[in-house]
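Below are the chains, spelled out letter by letter.
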Amino acid sequence: MISIVLIAANIAAVLAFSFIRVRRHRFILLDPAWAFLGGYAINYCVRPVLYSFDPSVGGIYQDDVYPEAMIRHGVNGALMFAMLGLSGFMLGDFFLERTAKKISDRLPTMRLREFSERGTYGFFALSFLVVGGLGFYGFVSAAGWAGTLLELFSGGQRDAFMQVILGHGYYTFAMQLSLLGWVMICAKWIAFPRSRSGLSRIGHGLVRYGWFFGTVLIWLGLGERASIVSVLFVPIALYFTISSADSEASRKRRRNAIVLTIGAVIVFTGVAGPIGLLMKGKEVSVAGMAAMAISAWDSFEFTIAAQNYIHPSGLFWGRTYASDLVFTWLPRFMFPWKPERYGAVLVQDKLAPDFLDNVGPTFPTGFLFEAYANFWYFGLVLVPMALAVISKSLYYRLLKGHDWFWLVQVALLFPLIASFRSVGWTAAALLANLAVTAFVALVCYEMKSLNVALRSLPMDASPASRPALS
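Sequence order as written defines residue numbering, which begins from 1 separately in each chain. Owing to the predicted nature of the model, reporting of local features is limited to residues with pLDDT of at least 70; listing and counting of side-chain atom pairs is limited to 80 or more, with chain, interface and lining totals taken over all residues. Neither water nor hydrogens contribute to the side-chain values; these are computed over all heavy atoms in the structure.

### A few points about the nonpolar core
Okay, step 1: Take the buried residues of types Ala, Val, Leu, Ile, Met, Phe, Trp, Tyr and Cys, join any two whose side-chain atoms come within 4.5 Å, and each joined set is a nonpolar core. Categorising residues by exposure relies on relative accessible area from a 1.4 Å probe, with only protein chains included: less than 20% of the type maximum marks a residue as buried, more than 50% marks it as exposed, and the intermediate range marks it as partly exposed. The biggest cluster of nonpolar side chains holds 115 residues, and the ones touching the most others in it are Trp182, Met184, Leu238, Leu368, Phe369 and Trp404.
Okay, step 2: In this analysis, two residues are considered to be in contact whenever any of their non-hydrogen atoms come within 4.5 Å of each other. Residue contacts for Trp182: discarding those within four places in its chain leaves Trp189, Arg208, Trp211, Phe212, Thr215, Val231, Val234 and Pro235.

The following block contains the structure:
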């Protein structure tokens with residue numbers, strides 16, 4: 001009975017906060033706060049509800065990692081723990097708005113039109129797609145895979161690829177660039193559409209759909225459902241976010257965006273579940289589909305374990321955040337001293353020592369528990385509060401119009417926040433994206449300066465104007 005009350009209170013808190021935020025602020029689909037709330041709702045609202053009806057939702061954690069009795073008796077504490085973290089996010093969103101505005105005003109800005117109409121822009125976007133394909137090919141070669149293309153792009157080889165991921169993180173980084181290229185080209189196509197007809201229209205359509213399927217196939221082969229959904233989500237989110245810059249003309253589009261978002265969640269649950277089961281060769285059932293659709297959001301079970309495994313004497317004091325930021329993008333072949341286990345994985349090792357020998361995919365502990373494992377209950381409130389301030393700062397930046405730099409960053413950041421996995425991982429990915437997009441901007445600026453300099457050279461080539469040769 002207490003669990004039902006706590007679940008209901010948790011759901012009510014999420015709905016109330018969402019309603020107040022929609023009333024106070026213009027709805028922007030790419031607002032990072034919605035990503036945080038979405039990930040929180042799946043972990044601490046949807047998953048507990050499904051678990052109360054069918055304990056098998058606990059998946060590998062139940063009995064294989066933690067005793068079923070421990071999970072069952074720890075639900076109430078986990079829900080109260082989660083609501084404390086949500087309170088921190090709400091406090092930051094409501095009461096630190098002035099701080100968020102000040103941060104937003106100091107963020108660098110780059111107009112979308114300044115970059116998207118240059119040939120260098122399209123060249124970079126296409127290059128990132130090609131590099132992403134090469135990254136996937138690298139995994140195929142490293143795994144020694146041999147088979148048909150149908151088998152490859154069914155995602156069934158994911159486990160084989162994950163066994164060779166250690167020491168080949170640059171393949172993952174290369175694949176991530178394909179998402180950056182997709183965001184860049186979608187921003188250009190959506191923000192500044194061109195009227196086409198005849199063969200030009202057909203050719204452009206082939207390019208668009210070819211680019212889309214090329215990016216999807218890269219992630220289909222790896223069996224990465226979250227990235228596949230990101231490829232589908234990006235053009236929709238960019239369309240409604242760019243439209244939201246026009247306050248009056250886009251009211252209907254914003255309403256459509258809210259409806260579409262709700263519909264997309266329902267479709268994702270109905271599609272991701274069966275696809276995931278088929279990829280893993282499991283029998284399709286209603287309970288199995290529901291569990292598989294939300295299998296990537298598994299912080300609930302780790303939050304239950306937190307009450308038994310984490311104590312003040314064993315806190316990390318920011319070490320997991322720092323090591324993720326430092327080690328994530330260091331190539332192991334250049335830095336052989338790079339540790340095999342670092343960052344959020346250290347928290348996983350403390351909670352689930354049975355996974356210590358696991359060299360494949362990791363089992364993320366989630367934003368809230370990672371904050372608790374570093375700074376105890378202070379972190380459980382302060383880290384979500386800081387995330388709320390950052391989210392609102394980016395929201396205000398998106399409100400200011402077609403800001404290319406932050407449109408790209410937030411479009412790439414949104415799925416990472418929604419996955420609710422690790423602040424350290426998300427921050428490391430953001431730094432990498434910032435570095436790459438800053439490089440793109442620098443090259444575009446330099447090319448523009450070169451073109452201006454060439455155009456300013458004297459064009460008079462008459463003999464009288466030429467210097468005499470001595």
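### Details of the environment of Ala352
Okay, step 1: Along the chain, the position of Ala352 falls in the loop between helix 17 (344-351) and helix 18 (367-399).
Okay, step 2: Using a relative accessible area of 2% as the deciding quantity, one classes Ala352 as buried.
Okay, step 3: Here the alpha-carbon distance between Ala352 and Ala305, two residues 47 residues apart in the chain, equals 8.9 Å. A helix here means a DSSP run of H or I that spans at least four residues, while a strand means a run of E at least two residues long, and both kinds are numbered starting from the N terminus.

### Things to note about helix 18
Okay, step 1: Helix span is expected to be 1.5 Å times the residue number reduced by one. Compared with the 48 Å implied by 1.5 Å per residue over 33 residues, the 26 Å span of helix 18 between its first and last C-alpha is markedly short.
Okay, step 2: Of all 33 residues making up helix 18, 24 are buried, and the element is well covered by its neighbours.

### Points about the layout of surface pockets
Okay, step 1: A 1.4 Å probe that fits into a set of points on a 1 Å grid over the protein atoms alone but cannot get out defines a cavity; an open set with protein on both sides within 12 Å along at least five of seven lines defines a pocket, and lining residues are those with an atom within 4 Å of a point. Grid points are joined across faces, edges and corners, and a volume is the space filled by probe spheres set on the points. Counted as a void, the second largest pocket has a volume near 440 Å³.
Okay, step 2: What lines the second largest pocket is a set of 22 residues, and nearest its centre among them are Leu387, Ile390, Leu413, Thr426 and Leu430.
Okay, step 3: Counting residues per element, the ones that place at least two in the lining of the second largest pocket are helix 2 (32-53), helix 16 (319-327), helix 18, helix 19 (404-419) and helix 20 (423-456).
Okay, step 4: Among the elements that make up the lining of the second largest pocket, the one with the highest residue count is helix 18 (8 residues).
Okay, step 5: Think of it as three bins: nonpolar holds Ala, Val, Leu, Ile, Met, Phe, Trp, Tyr, Cys and Pro, charged holds Asp, Glu, Lys and Arg, and polar takes everything else, Gly as well. Considering only residue class, the lining of the second largest pocket consists of 18 nonpolar, 4 polar and no charged.

### A word on the packing of helix 7 (residues 119-143) against helix 11 (residues 198-222)
Okay, step 1: In this analysis, axes come from line fits to C-alpha atoms, helices being fitted only over the stretch in contact, and the angle between any two N-to-C directions falls in the range 0 to 180 degrees. In contact at an axis separation of 10 Å, helix 7 and helix 11 are set at 25° when each is read in the N-to-C sense. On the basis of their axis angle, the class for helix 7 and helix 11 is roughly parallel. Between helix 7 and helix 11 the crossing geometry is left-handed. Packed against helix 7, whose contacting residues are Ala125, Leu126, Leu129, Gly132, Gly133, Phe136 and Phe139, the element helix 11 presents Trp211, Gly214, Thr215, Ile218, Gly221 and Leu222 at the interface.
Okay, step 2: Classifying every residue of the contact of helix 7 with helix 11 by side-chain character gives 8 nonpolar, 5 polar and no charged. Roughly parallel refers to an angle under 35 degrees, roughly antiparallel to one over 145, roughly perpendicular to one between 65 and 115, and oblique to any angle outside these ranges. In this scheme, a crossing is called left-handed if the near helix is turned counterclockwise away from the far one by less than a right angle; it is called right-handed if the turn is clockwise.

### As for a nonpolar patch on the surface
Okay, step 1: A cluster of nonpolar side chains, contributed by Leu126, Val130 and Leu134, occupies part of the molecular surface with about 280 Å² of accessible area.
Okay, step 2: Within the element layout of this structure, Val130 appears in helix 7. To count toward a patch, a residue needs a relative accessible area above 30% and no salt bridge. Like charges then connect within 9 Å, nonpolar side chains (Val, Leu, Ile, Met, Phe, Trp, Tyr) within 5 Å. For accessible areas, the Shrake-Rupley method is used with a probe of radius 1.4 Å. Any residue's cover is judged against the shown protein chains and nothing else. Between Lys or Arg on one side and Asp or Glu on the other, a salt bridge is scored when a side-chain nitrogen of the former is within 4 Å of a carboxyl oxygen of the latter.

### Brief notes about the confidence of the model for the protein
Okay, step 1: Averaged over every residue, the pLDDT of the protein is 78; residues scoring 70 or more account for 72%.
Okay, step 2: Predictor confidence is given residue by residue as pLDDT, running from a minimum of 0 to a maximum of 100. For the stretch residues 459-470, pLDDT sits under 50, and the model shows 2 contacts to residues farther than four places along the chain or on other chains.

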